[in-house]
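# Structural features, examined
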Amino acid sequence: MTFCLSGIGSFAKLWKSNPVLLGRGHSYLSLFLTDFCGIRNQQRWFSLKTVSPQNTKATDLQIAKARYLRKDEGSNKQVSSDSSHLFLAGAAKKRSQMNPQSKDHALPPVKNTIELPTKPLNSKEWDKLKEDFKGKVNFESWISSQMAQCHSSVDVAKSLLAWVAAKNNGIVGYDLLVKYLHLCVFHKQTSEVIDVYEIMKARYKSLEPEANTLLIRGLIHSDRWREALLLLEDIKKVMTPSRKNYSDCIQGALLHQDVNIAWNLYQELLAHDLIPMLETLKAFFDFGKDIEDDHYSKKLLDILLYLRNNHLYPGESFAHSIKTWFESVPGQQWKGQFTTIQNSGQCSGCGKTIESIHLSPEEYEFLKGKIMRDVIDGGDQYKKTTPWELKRFKNFVKSCPPFDIVIDGLNVAKMFPKARESQVLLELVSQLAKQNLRLLVLGRKHMLKKSPRWRKDEMEMVREQASCFFADNISEDDPFLLYATLHSGNHCKFVTKDLMRDHKACLSDSKTQHLFFKWQQGHQLAIRNKFPGSGITFQHILSHDTVVQTTGDSWHIPYDEDLVERYSYEVPTKWLCLHRKT
């Protein structure tokens, strides 16, 4: 390696040739860890120019996807892939692109522009770069943070540390050492990681969990991978290791063929109620290819059931690993294909019917009770109403026959800004009333006052065709909508564009939250378009549950596409269909 200081050929020699005293810097380390944990778009006084390699992964994925689409073209009709559907993956991203928000406030003017070095610098060159730096923060800490964030070359970072050591009597701050370690781990420079590891062991009796995390990740690729397990034990002395710590150790064990340690760590991770990383689960499937071991196979099937029970979706690469493993099991004759699900709920690949989205009577009663307790009666932080008004509404609902559709009147009326609110609401109510449906419209009292947006004659026509309840203007509609819909029975649907995320969060456990989301997908009517003279069109309600499922001789596994951004309230549209040949 090229290095700035003569006579020093490696990082280890740099430290051994000087009486180094590593000053432990707490504040900068803390700043560094915050910087690298996904916090982006921070306002900075500096702009950086770095040279990055071409993103070949994205290009390869686009090519692969084009091949897949050509192969699959024309084979699936009437599939549930409506790009604007409220709950399907990618819909929220497309809606945001169609309705861009106002531009963010401009960042402060750039005070200074320096270019991150792309090759090692000598002492004079580092001196010049620091002289050009006009910032008020510490230059060494700032430049090392930017280099780590931009994944600069390890050689460039090494020249920075050599310059710091030379001008400070061999003293190099702990924060700089950790940032250098970050780069070594990122670039998989295992020998450099080991050098840093030896230095840290010699200098410190114990390390922060963050440094241990980096060392674990760096050591698993070496023949000293078992020392990563010792570092994991060190973390346990002060805190529960993260799922990332377990993931790295599990992958290290599998990489070095110690499958028993890998499974033991996996069970330990689950015992801590940690959700394993999908790359960890993928590693188990990759390791199991061509292994003829019924016990190992059962554990992999248990992983798929874990995905089902926790409503987790594998990524595209993971789905390929699952398919490869099934097809490699000796004597089983599994065959897999990537496909979609039709609106009818049938798999386009094998024709089997996917599990229904609708709740069983037992599930419905359980969910109804939980929502009544946690959201309606106990969710004061999520509603703005008075106990008197809530009681008045409950009495009103109980006095009416069960409704078929409950409408969030104000929400629906404001969906088309160019149209008059009362006109939009009237069109919807009139259209549904023609189908002999019993309707409830929820609104606010201000909707009854004459105004350019709310015509009294149109609101009177709404009240003639539907039951109506108008709450105080400060009240929140959602709790009323949920109560009326659930009280009317499992057949009742509701119309709103609200995603109910606050109320889902109010539910006390993940099981209830999953049931709520399943119920929501099967009961929420979302308006797609409004065409003059032709009425309002709705998105189809999903008929199938998007969850890993099996019948014994088949598996259907929904998965996330690599290039599709899915929000937490959306579900994948692509499926892996596996069936055993008979």
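Residues numbered from 1 in each chain as written. Predicted model: local features only at pLDDT ≥ 70, side-chain atom pairs only at ≥ 80, totals over all residues. Heavy atoms only, no water.

Looking at an unreviewed UniProt entry, the protein chain carries the name Mitochondrial ribonuclease P catalytic subunit, with the source organism given as Prolemur simus. Quoted verbatim from the Subcellular location (unreviewed entry) heading of the UniProt record, the comment on the protein chain is "Mitochondrion". The record in UniProt for the protein chain states the following under Sequence similarities (unreviewed entry): "Belongs to the PPR family. P subfamily." (UniProt positions renumbered as here; feature names shortened; annotations may be inferred.)

## Things to note about the overall build of the protein chain
For the protein chain, the helix and strand inventory stands at 24 helices and 13 strands. Per-residue burial over the protein chain gives 48% buried out of 582 residues. Carbon and sulfur atoms form 51% of the exposed surface of the protein chain, whose accessible area is close to 29600 Å². (Helix = DSSP H or I, 4+ residues; strand = E, 2+ residues; numbered from the N terminus. Buried < 20%, exposed > 50% of the residue type's maximum accessible area, 1.4 Å probe, protein only. Areas by Shrake-Rupley, 256 points an atom, 1.4 Å probe, with all protein chains shown as cover.)

## Topic: unusual backbone geometry
Although it is not a glycine, His151 sits at a positive phi angle of roughly 55°. As for its position among the elements, His151 is in the loop between helix 6 (139–149) and helix 7 (154–167). In this structure His151 comes out as partly exposed when scored by relative accessible area, which is 34%. The phi dihedral of Asp290 falls on the positive side, at around 70°, and the residue is not glycine. Mapped onto the fold, Asp290 is located in the loop between helix 14 (278–287) and helix 15 (294–309).

## Focus: the confidence of the model for the protein chain
Of all residues in the protein chain, 78% attain a pLDDT of 70 or more, and the chain-wide mean is 81. In this model residues 1–11 is a low-confidence stretch, pLDDT under 50, and it forms 28 contacts with partners more than four residues away in sequence or in other chains. This stretch, residues 13–81, has a pLDDT under 50; its non-local contacts, to residues over four places away or in other chains, come to 119 contacts. (pLDDT = per-residue confidence, 0-100. Contact = heavy atoms within 4.5 Å.)

## A short note on the environment of His446
Along the polypeptide, His446 turns up in the loop between strand 5 (439–444) and helix 21 (456–465). Put simply, His446 and Phe470 are 24 residues apart on the chain and 8.6 Å apart in space, counted from C-alpha to C-alpha.

## Quick look at the packing of helix 6 against helix 8 (residues 174–186)
Contact geometry of helix 6 with helix 8 gives a least axis separation of 9 Å together with a crossing angle of 15°. In terms of orientation, helix 6 and helix 8 fall into the roughly parallel class. In this structure, helix 6 meets helix 8 at a crossing whose hand is left-handed. Of helix 8, the residues touching helix 6 (which contributes Glu140, Ser141, Ser144, Ser145, Met147 and Ala148) are Asp175, Leu176, Lys179, His182 and Leu183. (Axes fitted to C-alpha atoms, helices over the stretch in contact; angles between N-to-C directions. Parallel < 35°, antiparallel > 145°, perpendicular 65-115°, else oblique. Left-handed = near helix turned anticlockwise from the far one by under 90°.)

## Structural notes on the nonpolar core
If you look at the biggest cluster of nonpolar residues, it comprises 84 residues, and the most contacted ones within it are Trp126, Ile143, Met147, Met200, Phe284, Leu304 and Ile322. Sorting elements by how many residues they give to this core places helix 8 first, with nine residues. Not counting residues up to four positions away in its chain, the partners in contact with Ile143 are Ile114, Leu116, Trp126 and Leu160. Counting 31 residues, the second-largest nonpolar core is a separate cluster that includes Tyr364, Leu367, Ile376 and Ala484. (Core = buried A, V, L, I, M, F, W, Y, C linked by side-chain atoms within 4.5 Å.)

## Digging into the sheet that holds strand 7 (residues 493–495)
Ordered by their spatial adjacency, five strands build an open sheet running 6-5-4-7-8, and the pairing between neighbours is parallel. Looking at which strands have only one partner, the edges of the open sheet turn out to be strand 6 (467–471) and strand 8 (524–525). Against the sheet, helix 21 contacts strand 5 and strand 6, and its axis sits at roughly 125° relative to strand 6. (Pairing = 2+ DSSP bridges.)

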